[in-house]
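# Fold and geometry: a report
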Amino acid sequence: MADKTENLEALMKLSLNGDKRAYALLLQETARFLRPFLARRLNVESEVDDLLQEILISVHKARHTFDGNRPYRPWAFAIAKFRLQDHLRAHYADHLRHAVELSEVENDLQENVTKSGMSYESISGEVEKLPPKQAAILQMMHQEGYTAREVAEKTGMKESAVKVAAHRAYKILRKVLER
Amino acid sequence: MASIEQLVDRLAQDAAPVKPAPHPLTLSLGWAAAAAVYLVLSLWISGLRPDLAQKLHEPWFLAELGVLVLIFLATSLSAAVLAFPDLHQMKKTAWAPAGLFAVFIAILFFAWRADVPPAPLPVHSFECTASITLFALLPAVWTFLSMRRFASTHYRWAGSVALLSAFSVGALWLLLHEVNDSVIHVIEWHYLPMLGIGLAGWWLGKKWLKW
């Protein structure tokens, strides 16, 4: 492994000359040392994979800016950090877009949350009439006892999206049950 | 998305020979040479200020001219360094213009203190900013176009420095062309607009240099 890392610059020089095998080795090694860096900063494994692929594509696009005469790792990490920042910026912008206004949920907050006169089982018939995704989320959260984060991990959705879907389902149920 | 292994295979198949980018020093020297030609040609067409020989004996004018040239060279080099994802591992060089701008402010301050009694203000005002900006358009365009071929991970900073570099060429042209002894006018209409130019470059960098 030590040999491989010492030769990253040499591999890049060969790659710039069109050596496909050297380039494949270089990209594999780059993915290997970047994965733990991304995994420490992102919670979801699928996001690590997606971002790692974006970074490898960026390395490919920018490979002409590396001449093989300076250390390779700082160059690759600079691109990785750049793409990570982009990803996080988009991620948090997405959170903001899906954020629920406090005024929208304050009616729910006023209700007694410690004691409910209604069980999941008593309204399960109405839950089943909801759109399948919303019904599945409510079932997981209220029958199986998962948190929004756990539901997000299980379904591959964003946690904020799970919360928004649940909130919309509550709204529909409220209307139905108030009739 | 495909797996990492599939992506690596696909990218490796695309690995045609690529010519590495030039060193930032070479790149900035190219920009500086082009700017020098442009400046000389423009001065040849527009004419040098008639009192230039006399002004070159004034220490504050000479200092202003010298530091402005250094600012142009430093911003060119900084822009070239910032065009690389890892700043070509020359981070300190990217910051070089900051020190020179500080020296420049000090020189303008001392020139203003030495301007006693103050030289009369010229009748024109914003025309100088407009002229410098128009003059700087061409160097700005070629610097940006050149930087787009690279991969800046500091695109806002790079855009800002690139525009300051182009604007300093314009400021040099006006310093050598316009007959004007008022330090106040020069600060107000030649150099203070650099702040706005820096901000415009920050915005343009995001628009044009993001990849």
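Treat the numbers as computed from the prediction; the structure is a model and nothing was measured.

What follows concerns the nonpolar core. Grouped together as the largest cluster of nonpolar side chains are 60 residues, with contacts concentrated most on Leu68, Leu82, Phe104, Met147, Tyr191 and Met194 of chain B. Sorting the residues of this core by element identifies helix H2 (24-46), helix H4 (59-82), helix H6 (96-114), helix H7 (126-148), helix H8 (155-177), helix H9 (183-191) and helix H10 (193-208) of chain B as the ones contributing at least two each. Top element by residues in this core is H8 of chain B. It accounts for 16 residues. When near neighbours in sequence (up to four residues on either side) are disregarded, Leu68 of chain B contacts Phe104, Ser168, Ala171, Leu172, Leu175, Tyr191 and Met194 of chain B. In terms of nonpolar packing, the next biggest core, distinct from the first, is built from 36 residues, Leu11 and Tyr72 of chain A together with Leu7 and Leu11 of chain B among them.

Turning to the interface of chain A and chain B, a few remarks are in order. Counting residues at the interface gives 36 residues for chain A, matched by 30 residues for chain B. Of the roughly 2,800 Å² buried where chain A meets chain B, counting both sides, 66% is carbon and sulfur surface. The interface formed by chain A and chain B holds 2 salt bridges in total. The residue Arg70 of chain A makes a salt bridge to Asp86 of chain B at a minimum N-O spacing of 2.9 Å.

Turning our attention to the packing of aromatic side chains. Per the stated rule, a full pass over the model turns up 18 aromatic pairs over all chains. An angle of 40° between the planes, with centres 5.6 Å apart, marks the rings of Tyr72 of chain A and Trp75 of chain A as tilted. Taken together, the positions of Tyr72 of chain A and Trp75 of chain A, both in helix H5 (residues 72-98) and 3 residues apart, correspond to about one turn of that helix. For the pair Tyr72 of chain A and Trp75 of chain A, one class covers both residues: buried. Ring geometry for Trp95 of chain B versus Trp157 of chain B: centroids 4.7 Å apart, planes at 50°, classification tilted. Taken together, the residues span a long stretch of sequence, with Trp95 of chain B in the loop between helix H5 (91-94) and H6 and Trp157 of chain B in helix H8 at a distance of 62 residues. Judged by relative accessible area, which is 17%, Trp157 of chain B ranks as buried. Against the face of Trp211 of chain B rests Arg83 of chain A, its NZ or CZ located 4.6 Å from the ring centre.

What follows deals with the layout of surface pockets. Residue and element names in this part refer to chain A. The volume enclosed by the second largest pocket comes to roughly 630 Å³. Asn43, Val44, Glu47, His91 and Lys158 are the residues nearest the centre of the second largest pocket, which is lined by 23 residues in total. When contributions to the lining of the second largest pocket are tallied by element, the ones reaching two or more residues are helix H4 (45-61), H5, helix H9 (148-155) and helix H10 (159-178). The leading source of residues in the lining of the second largest pocket is H5, at 7 residues. Residues of the lining of the second largest pocket, tallied by class, amount to 7 nonpolar, 7 polar and 9 charged.

The subject of this paragraph is empty space enclosed by the protein. Residues and elements named next belong to chain B. Enumeration according to the criterion identifies 1 cavity of 30 Å³ or more in this entry. Volume-wise, the largest cavity comes out at about 60 Å³. Along its surface, the largest cavity is lined by Trp31, Ala35, Phe72, Ser76, Pro139, Trp142, Thr143, Ala162, Ser165, Ala166 and Val169. When contributions to the lining of the largest cavity are tallied by element, the ones reaching two or more residues are H2, H4, H7 and H8. It is H8 that provides the largest number of residues to the lining of the largest cavity, a total of 4 residues. Partitioned by chemical class, the residues of the lining of the largest cavity number 8 nonpolar, 3 polar and no charged.

Parameters at a glance
- Chains are numbered independently. Their residues run from 1 in the order of the written sequence.
- Each chain takes a letter, starting from A, and each ligand takes a number, starting from 1, following the order in which they are written.
- The model is predicted, so local features are restricted to residues of pLDDT at least 70 and side-chain atom pairs to those at 80 or more, both for listing and for counting; the totals for chains, interfaces and linings are taken over all residues.
- Side-chain metrics in this entry use all non-hydrogen atoms of the structure; hydrogen atoms and water are not considered.
- Think of a nonpolar core as a cluster: buried Ala, Val, Leu, Ile, Met, Phe, Trp, Tyr and Cys residues, connected wherever their side-chain atoms sit within 4.5 Å.
- To sort residues, take the accessible area from a 1.4 Å probe on protein chains only and compare it with the maximum for the residue type: under 20% means buried, over 50% means exposed, and anything in between is partly exposed.
- Here a helix means four or more residues in a row that DSSP labels H or I, a strand means two or more in a row labelled E, and each is numbered from the N terminus.
- By definition, residues are in contact when any of their heavy atoms lie within 4.5 Å.
- The term buried area means the drop in 1.4 Å probe accessible area that two parts suffer when joined, counted for both and summed.
- Criterion for a salt bridge: a side-chain nitrogen of Lys or Arg within 4 Å of a carboxyl oxygen of Asp or Glu.
- Stacked, edge-to-face and tilted labels apply to pairs of Phe, Tyr and Trp rings (six-membered ring for Trp) whose centres lie within 6.5 Å, assigned for plane angles under 30 degrees, over 60, and everything in between, in that order.
- By the criterion adopted, a ring carries a charge over it if an Arg CZ or a Lys NZ lies within 6 Å of its centre and within 35 degrees of its normal.
- Two kinds of site are reported from a 1 Å grid over the protein atoms alone, namely cavities, where a 1.4 Å probe fits but cannot get out, and pockets, open sets with protein on both sides within 12 Å along at least five of seven lines, and residues are called lining when an atom falls within 4 Å of a point.
- Grid points are joined across faces, edges and corners, and a volume is the space filled by probe spheres set on the points.
- Residues are grouped as follows: Ala, Val, Leu, Ile, Met, Phe, Trp, Tyr, Cys and Pro are nonpolar; Asp, Glu, Lys and Arg are charged; every other residue, Gly included, is polar.

Keep in mind these numbers describe shape, not what the thing actually does.
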